[in-house]
Amino acid sequence: MKRISGDRHPGPTRRALLTAGAGAALAAGCARGGAPGAPAAASSGPATPTAAAGGLTPGVMTLFKDPAYNFNGLLALGASGAGAAEVGEVLTAVNAINGSGLTAQTYTQTFRTLGDQLLKAPPGAPADGQSKRFRALRAAQYYGQALFFVLGSDDPGSEEQLYKAGRGAWDAFCDLCEPAPVKANVPYGTTPLPVWFFRPDGSDTPRPTVILTNGSDGQNVDMWTYGVPAALDRGWNALVYDGPGQGQLLFVDQVVFTPTWEKVVTPLVDWLSARPDVDPGRIALTGLSMAGDLAPRAAAFETRIAALVAMPGCLEPWLGFPPEIRQILTPDKQETNDIWNKEVVPELPPDAAAVMKKRFEPFSVPAMLEARQGKLFTDFYTPATRIRALSITDVVGRIKAPTLVLDYEGEQFYPGQPRRMYDALTSPKDYLRLTAAQGAQLHCSPMAPQLHCEVVFDWLRKTLGVR
């Protein structure tokens, strides 16, 4: 890694790189469920604010001119097929935000207000159970949209409260499902993992089961969109959970990400295997977004995983950051933090600073708490080192489970990494790239989650021999 000296070489060189390069790339690369920090273009070329979308979101696919907000808006729009959003609600919110002027504040406030409205009585006759159920699910989606940008808004201190609003809507939805998912706390260190175990019915029939692993800054509602109904419709069970760095464990319990994700998944497999309605020989594991790194790490050590899907495959999340940001990290903590605080922070544009707050909070409780006070963290070294420790290049060859590696045309967070993972695997493996011709372009196919689920579950059915 290139060492960068202190301020012995004053002038625009490093600062120009950081403000014009890293600042623009960070501002463009911020998207829900994505990498811990992401360039707007492939690492082989210069990063620009519009490169994330490129020509892959033409016409009506461009909800917002800013690609970060656009990606998040597309995620909400795509969730409509699973009942986790409403096209008219999303587009009306988009129009309101653009009409007011796109900022973190207008985005956060508009979607938070929409979530609040959905938890109230609908127009007309009193809502029945189904109406309340799906209004709560949509509210969870819109609270999640607001939560993603709240640290850049006028009220960053409301982050935990906003998370709890979304979690409350999610739980209200779950309570109205038939059958309702089993809620439990699975032991994990000193902080248990909250789980929601969805079943097609209440019988004890042993069924194939999929563990759905969220990425960085995704919410439970995203796991509904990317797997739960697809599993239930096929007669599978589905397990949704919060791991360290996610959901309740991050925003309430203040537990950050761990590189040893097998210690997270193994208790889940233990819990599932003890249930009579789970076929212990057919437990699959999926990982969405950054969990395309976490799930393979777990499967490298947890041998009871019968099939693995990385969506997309990711070997080194640290490479999701622009090179100008990665160069800040040196072997010396003091030197690293001096570079960050004395040379980078004073020149970092406000939108890029907001991205750094968001991207680093799942790896540093102090960074999260400072961000809630409207401050930018001062310790760059510790969270950066934790992100770099997520590399699985040295363990991916241990995976024995059949593995599907997904890739996406225009992948803006981990370009090239899915193919690298596929090439490094020694287990039975398949590689599939979803494309713009299918409407499934960009990271995690935000506009085509139904197609995404069809691809994943068709492969799982074939791989596990499920009829």
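Everything discussed here concerns the structure shown above.
Read on for a plain summary of the structure. Keep in mind the model is a prediction, meaning the values are calculated, not measured.

Regarding the nonpolar core
Inside soluble globular proteins, nonpolar side chains tend to come together where they are buried. Formed by 143 residues in total, the largest nonpolar core has its most connected members in W170, F198, M356, F380 and L460. The element best represented in this core is helix 5 (residues 129-149), accounting for ten residues. Among residues more than four places away in sequence, those in contact with W170 are L137, A140, W196, F198, N220, V221, W224 and V240.

Looking at unusual backbone geometry
Among all residues save glycine, negative phi is the norm, and among peptide bonds the norm is trans. Of the consecutive residues E178 and P179, the connecting peptide bond is found in the cis state with omega at -5°. Along the chain, P179 falls in the loop between helix 6 (159-175) and strand 1 (182-186). In this model, S289 sits at a positive phi of 60°, which is unusual for a non-glycine residue. Locating S289 in the fold gives a position in the loop between strand 5 (278-288) and helix 11 (291-301). You can call S289 buried: its relative accessible area is 2%.

A short note on the packing of aromatic side chains
Applying the stated criterion across every chain, the model contains 27 aromatic pairs. Consider the rings of Y69 and F149, whose centres lie 4.2 Å apart with planes at 15°: the pair is stacked. Of the two residues, Y69 is situated in helix 2 (residues 67-78) and F149 in helix 5; the sequence distance between them amounts to 80 residues. The residues Y69 and F149 share a single accessibility class, namely buried. When the ring centre of Y431 is taken as reference, the NZ or CZ atom of R419 above it lies at 4.6 Å. The side chain of K429 reaches across the aromatic face of Y422, ending 4.5 Å from its centre.

Some words on the pairing of strand 5
Alignment of strand 3 (residues 207-213) against strand 5, held across six bridges, turns out to be parallel. Looking at strand 5, one finds that I211 is bridged to L285. Of the strand pairs in this sheet, strand 5 and strand 6 (residues 307-311) are connected by five bridges, and their pairing is parallel. Across the sheet, T286 pairs through a bridge with V309, a residue of strand 6. You can see the chain leave strand 5, run along helix 11 and come back into strand 6, and the turn it takes is right-handed.

Digging into the environment of N185
Within the secondary structure, N185 sits in strand 1. Of the residues examined, N185 reaches a relative accessible area of 53% and is grouped as exposed. Between the C-alpha atom of N185 and that of W196, which follows or precedes it by eleven residues, the distance is 9.1 Å. When residues no more than four places from it in sequence are discounted, the contact partners of N185 are P192, L193 and P194.

Points about the packing of helix 3 (residues 87-100) against helix 4 (residues 104-118)
Packing of helix 3 against helix 4 leaves a shortest axis separation of 9 Å and a crossing angle of 145°. Crossing of helix 3 against helix 4: the hand is right-handed. Packed against helix 3, whose contacting residues are E89, A93, A96, I97 and S100, the element helix 4 presents T106, Y107, T110, F111, L114 and L118 at the interface. Looking at the contact of helix 3 with helix 4 residue by residue, the class counts come to seven nonpolar, three polar and one charged.

Overview of the sheet that holds strand 4 (residues 237-241)
As summarised here, the arrangement of the eight strands in space is 1-2-4-3-5-6-7-8, forming an open sheet in which the pairing is mixed. Pairing within the sheet leaves two strands with one partner each, and these edge strands are strand 1 and strand 8 (429-434). Going from strand to strand, the sheet's axes swing by 20° on average, the running direction of each strand aside. This element, helix 6, spans strand 1, strand 2 (193-198) and strand 4 of the sheet and lies at about 30° to strand 2. Strands in contact with helix 18 (residues 449-464) are strand 3, strand 5, strand 6, strand 7 (403-408) and strand 8; relative to strand 6, the strand with the most contacts, it is inclined by about 160°.

Calculation notes
- Residues numbered from 1 in each chain as written.
- Predicted model: local features only at pLDDT ≥ 70, side-chain atom pairs only at ≥ 80, totals over all residues.
- Heavy atoms only, no water.
- Core = buried A, V, L, I, M, F, W, Y, C linked by side-chain atoms within 4.5 Å.
- Buried < 20%, exposed > 50% of the residue type's maximum accessible area, 1.4 Å probe, protein only.
- Helix = DSSP H or I, 4+ residues; strand = E, 2+ residues; numbered from the N terminus.
- Contact = heavy atoms within 4.5 Å.
- Phe/Tyr/Trp six-rings, centres within 6.5 Å; stacked < 30°, edge-to-face > 60°.
- Lys NZ or Arg CZ within 6 Å of the ring centre and 35° of its normal.
- Pairing = 2+ DSSP bridges.
- Right-handed = clockwise from strand over helix to strand, strands pointing away.
- Axes fitted to C-alpha atoms, helices over the stretch in contact; angles between N-to-C directions.
- Left-handed = near helix turned anticlockwise from the far one by under 90°.
- Nonpolar A, V, L, I, M, F, W, Y, C, P; charged D, E, K, R; others polar.

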